[in-house]
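Structure assessment
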Amino acid sequence: MNAKLIDGKAVAQSIKDEIKAEIEKITAGGGRAPALAVVLVGHDPASQIYVKNKRKACHAVGITSVEHLLDESTGEKTLLDVITILNNDDDIDGILVQLPLPKQISEPAVLEHINPLKDVDGFHPVNVGRLVANSPGLRPCTPAGILELLKRSGQDLVGKKVAVLGRSNIVGKPTATLLLHESCTVTICHSKTRHLADITRSADILIAAIGRPEFVTADMVKPSAVVIDVGVNRTPKGVVGDVDFEGVKKVAGYLSPVPGGVGPMTIAMLMYNTLKAYKGLSRRPVGGGH
Ligand code: NAP
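Computed from a prediction, not measured in an experiment: that's the story for all the values here.

**Details of the nonpolar core**
- Ranked by internal contacts, the top residues of the largest apolar core, which has 48 residues, are Leu36, Leu150, Ile207, Ile228 and Met271.
- For this core, the element with the most residues is helix α10 (residues 262–279), which contributes nine residues.
- The two domains that each donate at least three residues to this core are domain 1 (28–115) and domain 2 (141–263).
- If sequence neighbours within four positions are ignored, Ile207 has contacts with Ile146, Leu150, Val162, Ala163, Val164, Leu165, Thr175, Leu179, Ile228 and Val230.

Right under this line is the structure:
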């Protein structure tokens with residue numbers, strides 16, 4: 001059998017359409033458009049592409065995009081001062097500092113300096129705590145995108161066995177936490193996990209986020225399972241995911257491709273978080289979900 005493709009590009013587009021419509025209503029009523037500030041330090045080519053894509057997405061949905069481009073040699077104090085200005089600027093709703101940062105700057109110090117209410121990446125410890133507690137806050141974009149992809153492709157999550165491959169702070173752990181809150185039974189796997197294939201073969205939903213090209217093969221997948229490929233690996237044959245697409249599509253029930261799966265969802269959820277921060281939803285004292 002051939003797995004149904006989970007079309008992340010199409011799902012991301014429908015999310016961006018919804019956001020655009022909401023922002024049009026706000027501005028038609030005389031409101032200010034939401035604004036996202038992106039801070040880039042240095043000239044890393046991949047980061048420059050990410051920043052350009054974020055700018056394009058902002059323009060497409062009607063979010064004002066403000067960019068601060070700082071020199072590679074920028075010191076930590078200067079960057080923290082820029083963030084302080086953005087924290088205090090009432091016309092800025094979201095702040096994103098593009099990672100990685102040059103080595104003279106401490107990433108945790110920078111991430112912790114961002115006002116949690118404007119932390120659209122969801123990396124501030126306050127938002128990490130809110131995620132774990134399942135209280136309102138800004139959720140990290142890639143994990144939120146994975147959850148949205150599962151929901152919008154019609155997956156019933158309650159009670160499902162999930163294997164998350166990878167335990168990073170930006171993908172594996174928050175994805176596992178979000179799925180736990182959806183009442184999945186989650187196993188988090190990592191490089192020291194023993195009998196990995198036994199775990200993956202018993203999973204109804206398999207999330208691969210390890211950064212190993214085509215690591216997940218057909219024999220590791222339960223027939224009809226839902227497989228989400230988060231990996232982005234540049235290889236001589238082009239960009240591939242963590243899943244052997246050709247092999248796994250013969251076994252899985254649903255499969256997200258690379259590119260065109262999780263990638264577009266990450267940017268759509270950044271737009272979603274910026275609108276959420278604008279509306280102040282991340283500071284509501286009650287309510288669930290993301
Ligand atoms: P990371 O920080 O390098 O973490 C990789 C994780 O995978 C670690 O927990 C590691 O285990 C685990 N791992 C590595 N080899 C393994 C193996 N053979 N078996 C089981 N687990 C293994 O990577 P990341 O930032 O989470 O990103 C993961 C992948 O997702 C990368 O390809 C990245 O490019 C991609 N990504 C995509 C998006 C998107 O928007 N599409 C966003 C973010 C990341 P240990 O903890 O034991 O080392």
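From this point, the discussion proceeds with the structure in view.
**Points about the layout of surface pockets**
- Considered as a void within the structure, the second largest pocket measures approximately 260 Å³ in volume.
- What lines the second largest pocket is a set of 15 residues, among which Gly122, Phe123, Val128, Asn169 and Ile170 lie closest to the centre.
- Those elements that provide at least two residues to the lining of the second largest pocket are α4 (107–113), α5 (125–133) and α7 (172–181).
- Ranked by the residues each element gives to the lining of the second largest pocket, the list is headed by α5, at four residues.
- Class assignment for the residues of the lining of the second largest pocket results in ten nonpolar, three polar and two charged.
- Taken domain by domain, the lining of the second largest pocket gets at least three of its residues from each of domain 1 (28–115) and domain 2 (141–263).

**Notes on the sheet that holds strand β8 (residues 226–229)**
- With parallel pairing, the six strands of this open sheet are ordered in space as β1-β11-β8-β7-β5-β6. If you trace the sheet from one side to the other, it starts and ends with β1 (4–5) and β6 (185–189), each paired once.
- Sheet topology places strand β5 (residues 161–165) next to strand β7 (residues 205–208); four bridges connect them, and they run parallel. What sits directly across from Leu165, in β7, is Ala208.

**A few points about the sheet that holds strand β2 (residues 35–41)**
- Taken in spatial order, the three strands of this open sheet run β3-β2-β4, and their pairing is parallel. Edge strands, defined here as strands with exactly one partner in the open sheet, are β3 (64–70) and β4 (94–97). Across this sheet, the average inter-strand angle for adjacent strands is 15°, counted without regard to direction.
- Of the strand pairs in this sheet, β2 and β4 are connected by four bridges, and their pairing is parallel. Each bridged residue has a counterpart across the sheet, and for Val38 the counterpart in β4 is Leu96.

**Concerning the packing of helix α6 (residues 141–152) against α7**
- Two numbers describe how α6 lies on α7: the axes approach to 8 Å, and their chain directions differ by 40°. The orientation of α6 relative to α7 falls into the category oblique. Crossing hand, α6 versus α7: right-handed. Residue-level contacts link Pro143, Ala144, Ile146, Leu147 and Leu150 of α6 to Pro174, Thr175, Leu178 and Leu179 of α7.
- Counted by class, the contact of α6 with α7 contains eight nonpolar, one polar and no charged residues.

**Observations concerning the site of the ligand**
- Around the ligand, a shell composed of 20 residues is seen, among which Arg167, Ser168, Ser191, Val232 and Thr266 lie nearest.
- Here an oxygen atom of the ligand and a side-chain polar atom of Arg167 are 2.7 Å apart.
- His190 is positioned such that a nitrogen or oxygen atom in its backbone is 3.4 Å from a nitrogen atom of the ligand.
- Contact with the protein chains covers 71% of the free accessible surface of the ligand, which is 930 Å².
- At three residues, α10 tops the list of elements feeding residues into the shell around the ligand.
- In terms of residue class, the shell around the ligand is made up of eight nonpolar, ten polar and two charged.

**A word on the packing of helix α1 (residues 8–28) against α10**
- Between α1 and α10, whose axes approach to 8 Å, the crossing angle comes to 25°. Classified by the angle their axes make, α1 and α10 are roughly parallel. Along this stretch, α1 crosses α10, giving a crossing that reads as left-handed. Contacts from Gly8, Lys9, Val11, Ala12, Ile15, Lys16, Ile19, Glu22, Ile23 and Ile26 of α1 reach α10 at Pro264, Met265, Ala268, Met269, Met271, Tyr272, Leu275, Tyr278 and Lys279.

The rules behind each value
Residues numbered from 1 in each chain as written. Predicted model: local features only at pLDDT ≥ 70, side-chain atom pairs only at ≥ 80, totals over all residues. Heavy atoms only, no water. Core = buried A, V, L, I, M, F, W, Y, C linked by side-chain atoms within 4.5 Å. Buried < 20%, exposed > 50% of the residue type's maximum accessible area, 1.4 Å probe, protein only. Helix = DSSP H or I, 4+ residues; strand = E, 2+ residues; numbered from the N terminus. Domains from an automatic or database assignment. Contact = heavy atoms within 4.5 Å. 1 Å grid on protein atoms, 1.4 Å probe; cavity = no way out; pocket = protein on both sides within 12 Å on 5 of 7 lines; lining within 4 Å. Points joined across faces, edges and corners; volume = space filled by probe spheres on them. Nonpolar A, V, L, I, M, F, W, Y, C, P; charged D, E, K, R; others polar. Pairing = 2+ DSSP bridges. Axes fitted to C-alpha atoms, helices over the stretch in contact; angles between N-to-C directions. Parallel < 35°, antiparallel > 145°, perpendicular 65-115°, else oblique. Left-handed = near helix turned anticlockwise from the far one by under 90°. Near = heavy atom within 4 Å. Polar contact = N/O pair within 3.5 Å; in protein donor to acceptor, adjacent residues only side chain to side chain. Areas by Shrake-Rupley, 256 points an atom, 1.4 Å probe, with all protein chains shown as cover.

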